[in-house]
Amino acid sequence: MKTTSYMLRDLPMEERPRERMMEFGPGALSNAELLAILLRTGTRSESAIHMAQRVLSEIGGIRGLVDLSLDEMIQIRGIGPAKAIELKAGIELGRRLAKSRLPESETIRSPHVAAELLMEQMRYLQKEHFVCLFLNTKNHIIAQETLSIGSLNASIVHPREVFRAAIKCSSASVVCAHNHPSGDPTPSAEDIRMTRRLCEAGEIVGIDVLDHIVIGDGKFVSLKEQGLM
């Protein structure tokens, strides 16, 4: 007799957990749907989603999976060694994630801290790079992004690029920086005009531009400290 395995693709579209995850995100899926994605296939008598529902019922819910040994999983009808190993690996990843902590992020307390962080990255660049440090409400760096790379002595960035990136990472404030390939960090008239445009745009969208730092060769200028913004 030929053995038939019910696949997730055999289910109606609205019942396919993979498609539902892609459309609505993992938070919209039930425990059974998430488990079915890991199981991938069912048996000849039930689909993966029905098997997942049965397994959860037999073990008393999702918490029961954690308590099962590998051998105990293999004893469940429809779960062979391969499926059991994949499930245990997924559970172990979840366990490790629960124990993990976010790495300590740099806190920007002054222009000197930001400049020190960026100096070695930017002082030897042959073109102007415009970089933003995106901060949370505690001035911890949550992201860094290069938004523009200019010619030998020119870097042009529009406020929309800065604040699109800031909104994307839910930033509360921004520290902007760019380098002068000449090594002289003295702000140009265009640097000052651009900074003021950024500050005005930041006031509109509710994201503070804390500073604009110009990086030279081992030197920097803070437009905030210079009273230029």
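Look up: the structure comes first, before these words.
Since the structure is predicted, the reported quantities are computational estimates derived from the model, not experimental observations.

### Notes on the layout of surface pockets
Piece 1. Roughly 270 Å³ of volume is contained in the largest pocket.
Piece 2. Around the largest pocket, the lining comprises 13 residues; the ones closest to its centre are Leu34, Leu38, Ile62, Leu65 and Ile91.
Piece 3. Elements with a minimum of two residues in the lining of the largest pocket: α2 (31-39), α4 (62-67) and α6 (81-99).
Piece 4. The element contributing the most residues to the lining of the largest pocket is α2, with five residues.

### Things to note about the side chain of Glu33
Piece 1. In this structure, Glu33 sits in helix α2.
Piece 2. By relative accessible area, which is 11% here, Glu33 ends up buried.
Piece 3. Here the side chain of Glu33 touches Arg20 through a polar contact of 2.7 Å, side chain to side chain.
Piece 4. Excluding anything up to four places from it in sequence, Glu33 contacts Pro17, Arg20, Ala28 and Ile49.

### So, the sheet that holds strand β2 (residues 141-149)
Within a sheet, neighbouring strands are paired by backbone hydrogen bonds and run either parallel or antiparallel to one another.
Piece 1. Ordered in space as β2-β1-β3-β4-β5, the five strands form an open sheet in which the pairing is mixed. Unpaired on one side and paired on the other, β2 and β5 (220-222) mark the two borders of the sheet. Adjacent strand axes in the sheet meet at a mean angle of 20 degrees, parallel and antiparallel pairs treated alike.
Piece 2. Taken together, the seven bridges between strand β3 (residues 173-179) and strand β4 (residues 208-215) define a ladder with parallel strand orientation. Opposite Val174, over in β4, you have Val209 as the bridge partner.
Piece 3. Across the face of the sheet, helix α8 (residues 159-168) comes into contact with β1 (129-135), β2, β3 and β4 while running at roughly 35 degrees to β1.

### Considering the pairing of β4
Piece 1. Counting buried residues in β4 gives six out of eight residues, a clear majority hidden from the surface.
Piece 2. Handedness of the β-α-β unit built from β3, helix α9 (residues 189-205) and β4 comes out right-handed.
Piece 3. Bridge count for β4 against β5 is three bridges, and the pairing is antiparallel. In the strand pairing of β5, Val214 is matched with Val221.
Piece 4. Between β4 and β5, which pair antiparallel and follow one another directly, the connecting turn spans four residues, one of which, Gly218, has a positive phi of 80 degrees.

### Quick notes on unusual backbone geometry
Piece 1. A positive phi is found at Asn139, a non-glycine position, where the angle reads about 65 degrees.
Piece 2. With respect to the secondary-structure elements, Asn139 resides in the loop between β1 and β2.
Piece 3. In the Ramachandran plot, Ser170 falls in the positive-phi region, its phi being about 55 degrees despite a non-glycine side chain.
Piece 4. Note that Ser170 resides in the loop between α8 and β3.

### Details of the pairing of β1
Piece 1. Counted residue by residue, β1 has seven buried out of seven residues, so it is predominantly covered.
Piece 2. On β1, burial covers both faces: His129, Val131, Leu133 and Leu135 on one face and Phe130, Cys132 and Phe134 on the other are all buried.
Piece 3. Across seven bridges, β1 lies against β2 in antiparallel orientation. Note that in β2 the partner of Leu133 across the bridge is Gln144.
Piece 4. Connecting β1 to the antiparallel partner β2 that follows it, the hairpin turn spans five residues, and Asn139 within it adopts a positive phi of roughly 65 degrees.

The rules behind these values
- Residues numbered from 1 in each chain as written.
- Predicted model: local features only at pLDDT ≥ 70, side-chain atom pairs only at ≥ 80, totals over all residues.
- Heavy atoms only, no water.
- 1 Å grid on protein atoms, 1.4 Å probe; cavity = no way out; pocket = protein on both sides within 12 Å on 5 of 7 lines; lining within 4 Å.
- Points joined across faces, edges and corners; volume = space filled by probe spheres on them.
- Helix = DSSP H or I, 4+ residues; strand = E, 2+ residues; numbered from the N terminus.
- Buried < 20%, exposed > 50% of the residue type's maximum accessible area, 1.4 Å probe, protein only.
- Polar contact = N/O pair within 3.5 Å; in protein donor to acceptor, adjacent residues only side chain to side chain.
- Contact = heavy atoms within 4.5 Å.
- Pairing = 2+ DSSP bridges.
- Axes fitted to C-alpha atoms, helices over the stretch in contact; angles between N-to-C directions.
- Right-handed = clockwise from strand over helix to strand, strands pointing away.

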